[in-house]
Structures are given as C-alpha cells and as structure tokens.
There are 2 protein chains.
Amino acid sequence: MSKIVLPTEPECANISFLAVMHALSDPLRLSIVLSVLCEGEKTCGSFVIQAPKSTLSHHFRVLRESGVLSTRRQGKELINTVRKNDLDFLFPGLLDAVINGARPVVTSLYPHP
Amino acid sequence: MSKIVLPTEPECANISFLAVMHALSDPLRLSIVLSVLCEGEKTCGSFVIQAPKSTLSHHFRVLRESGVLSTRRQGKELINTVRKNDLDFLFPGLLDAVINGARPVVTSLYPHP
DNA sequence: AGAACAGTTCGAATATCATGGAACTGATTG
DNA sequence: CAATCAGTTCCATGATATTCGAACTGTTCT
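Residues numbered from 1 in each chain as written. Chains lettered and ligands numbered in written order. Predicted model: local features only at pLDDT ≥ 70, side-chain atom pairs only at ≥ 80, totals over all residues. Heavy atoms only, no water.

(A) Quick peek at the packing of helix α2 (residues 27-39) of chain A against helix α3 (residues 53-66) of chain A. Residues and elements named next belong to chain A. Contact geometry of α2 with α3 gives a least axis separation of 10 Å together with a crossing angle of 70°. Relative to α3, the element α2 lies roughly perpendicular. Residues Leu 28, Arg 29, Ile 32 and Val 33 of α2 form the contact with α3, whose participating residues are Leu 56, His 58, His 59, Phe 60, Val 62 and Leu 63. Grouping the constituent residues of the contact of α2 with α3 by class yields seven nonpolar, two polar and one charged. (Axes fitted to C-alpha atoms, helices over the stretch in contact; angles between N-to-C directions. Helix = DSSP H or I, 4+ residues; strand = E, 2+ residues; numbered from the N terminus. Parallel < 35°, antiparallel > 145°, perpendicular 65-115°, else oblique. Contact = heavy atoms within 4.5 Å. Nonpolar A, V, L, I, M, F, W, Y, C, P; charged D, E, K, R; others polar.)

(B) Geometry of the pairing of strand β2 (residues 69-74) of chain A. Residues and elements named next belong to chain A. Bridge count for β2 against strand β3 (residues 77-82) is six bridges, and the pairing is antiparallel. Counted as the bridge partner of Leu 69 is Val 82 from β3. The turn joining β2 and β3, which pair antiparallel and follow one another in sequence, is formed by two residues; a positive phi near 65° is taken by Gly 75. (Pairing = 2+ DSSP bridges.)

(C) A look at the protein's contact with DNA strand C. Around DNA strand C sit 23 residues in total, of which Gly45(A), Lys53(A), Ser57(A), Arg61(A) and His59(B) are the nearest. Counted by atom, the contact set of DNA strand C within 4 Å of the protein is 64% sugar and phosphate. For DNA strand C, a phosphate oxygen lies 3.4 Å from a polar atom in the backbone of Leu78(A). For DNA strand C, a base nitrogen lies 3.0 Å from a polar atom in the side chain of Ser54(B). Within the residue set of the surface near DNA strand C, elements represented by two or more residues are α3 and β3 of chain A together with α3 (53-66) of chain B. Of the residues forming the surface near DNA strand C, the biggest block, five residues, is contributed by α3(A). (Near = heavy atom within 4 Å. Polar contact = N/O pair within 3.5 Å; in protein donor to acceptor, adjacent residues only side chain to side chain.)

(D) Broad picture of the protein's contact with DNA strand D. Surveying the vicinity of DNA strand D reveals 24 residues, the closest of which are His59(A), Gly45(B), Lys53(B), Ser57(B) and Arg61(B). Within 4 Å of the protein, atoms of DNA strand D come from sugar and phosphate in 66% of cases. His58(A) places a side-chain nitrogen or oxygen 3.5 Å from a phosphate oxygen of DNA strand D. At 2.6 Å, a side-chain N or O of Lys53(B) approaches a base nitrogen of DNA strand D. Contributions of two or more residues to the surface near DNA strand D are made by α3 of chain A together with α3 and β3 (77-82) of chain B. Across the surface near DNA strand D, the residue classes tally to four nonpolar, 11 polar and nine charged.

(E) Structural context of helix α2 (residues 27-39) of chain B. Residues and elements named next belong to chain B. With 13 residues, α2 extends 18 Å from end C-alpha to end C-alpha; this agrees with the ideal 18 Å at 1.5 Å per step. N-capping of α2 is provided by Asp 26, with a side-chain oxygen placed 2.9 Å from the backbone N of Leu 28. Just downstream of α2 lies Gly 40, where phi reads positive at about 85°. (Expected span 1.5 Å × (residues − 1).)

Below is the structure:
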C-alpha cells in the first residue's frame, strides 16, 4: 500500500495562457516539449540534453505546473506527455504554431538528434 | 536637416522565436499588442493602461527589439504597428493563436475597453 | 532488509526582468 | 528662442528565474 506522490498539474480550466507562454519561452523547455511531442511519451532521464538532474527536474516542474505536460508514474520512472488536447481546446493553433516556430531553435541547439 | 533617431528593430531574418515568445508572455505587453492590432496603429501615449511613461516605454522597447512591433515617427509622436506580415511568415499561426488565447487575459485586466 | 535507481525537494548563488522617478532628446508651437 | 510635448534613456530597487550540488522519497530488484 504505497502512497504515490505525483507533482501538481492544473486542471484544464485553470491553465493560464501567460503561464503556458512563459513555459514555452525557454530554450531548454522548448526542446523538452518538442522531444516529448515527437516521441509521444518520455521519461525525464531519457534526454540527450546535457544538464544536471535538478535542472531538468526544475524545467519539468515549470512545464507541469503551467499545464503543458502531464506526468504519470510507471514503475520507478515518471512518464511525461504533452497535454495536447487540453492546450488545443484552450488555445487553438498555439501548440502547432510553436512546434513549427520552435523546430529551428531546437535543431540549432541540438543539431543531430 | 534633422537626424531622425528611431529605436532598433531586427530585420525579418533576425527575429528570434524565443524572443517573440518571451515578449508575448507578459500581461502588459500582451495588452499593448492586442490594442495595437485592434486599432491598426497606435502611439505610446494613447493607452488607457495605468503605468508610468518609463514603464510603458520599456515594454515597447522589448516588443520592438523582439520584432513584434515596428515604430515610425510622425511629428512628435511615435506610431506603432504589429509586424504581422513578418511574424505570419516566420511563425505561421502563432500571432492568431496568441490573439485568441490572449483576449480573455487582457479583458480580465481591463474589463471595458 | 538493503542496494540501486528515477526523480524530487532544498538551499544558495547568480542572472534576468519589471517598475518607476528624474533627467534628457528631438519635434512642434507660440 | 522659449515652452511644451512625446517618448526615451539612465539608474536604482525589488521581484522573479535559472542553475546546480546535496540530501531526500518512493520504487524495484536481489
């Protein structure tokens, strides 16, 4: 009987546009989002990105608390997904525009993924 | 023969996606952008927004330097426009998505404009 | 139970940003 | 030329973000 502690995520109605915009205006977070989107799901540890755990964890938190990512536990890993449905419902077109606009940014940061 | 000094704006090719995202993730700047978009053109002084000149000027600078606004002089006023063509070309759909997503934010800040 | 592992939380240093008063610039008007 | 006006620049202050090592939590495996 273990109490599973998961990080806080806002429900759809409480997702703030400004928080989402802020979350998506950081290069590292942007690359996380693109990566998760590409692969569908992703654990925190499975990133090529060169950064200490605590830094990555911080950015995952920002993404979660803003409503961009959703996290669930599977074994000892946490699995992340982009809340595409919620975001598309609340801010139609935003995520797609970001995906397109962000690709050059991210590929210039991490040329050959 | 007067030398007209205008604030710096990046040319289209040098507009950074992250800079644009950051510029658009502040409530005051967002309301400026929406307002300028609504009215087509707008001077800095013609804002209902309650804020000192220097603060407004700072936000206009951020918007200009990120490539969101373009400014030209007309008499003693500076006239601002949103660089919709450039932004739509570089980041298709972004501006429209922001306009839609931002409206609730802005109208909650300034209920009856 | 104990070791190993994924990821979080804490805490502190550093950097970046927003705010706003005061002085300044460049243009218009008297 | 002097006064005024729009807006910027300068500067200081407080707030918010980013970074990352170290300690901690919850989970699995032996």
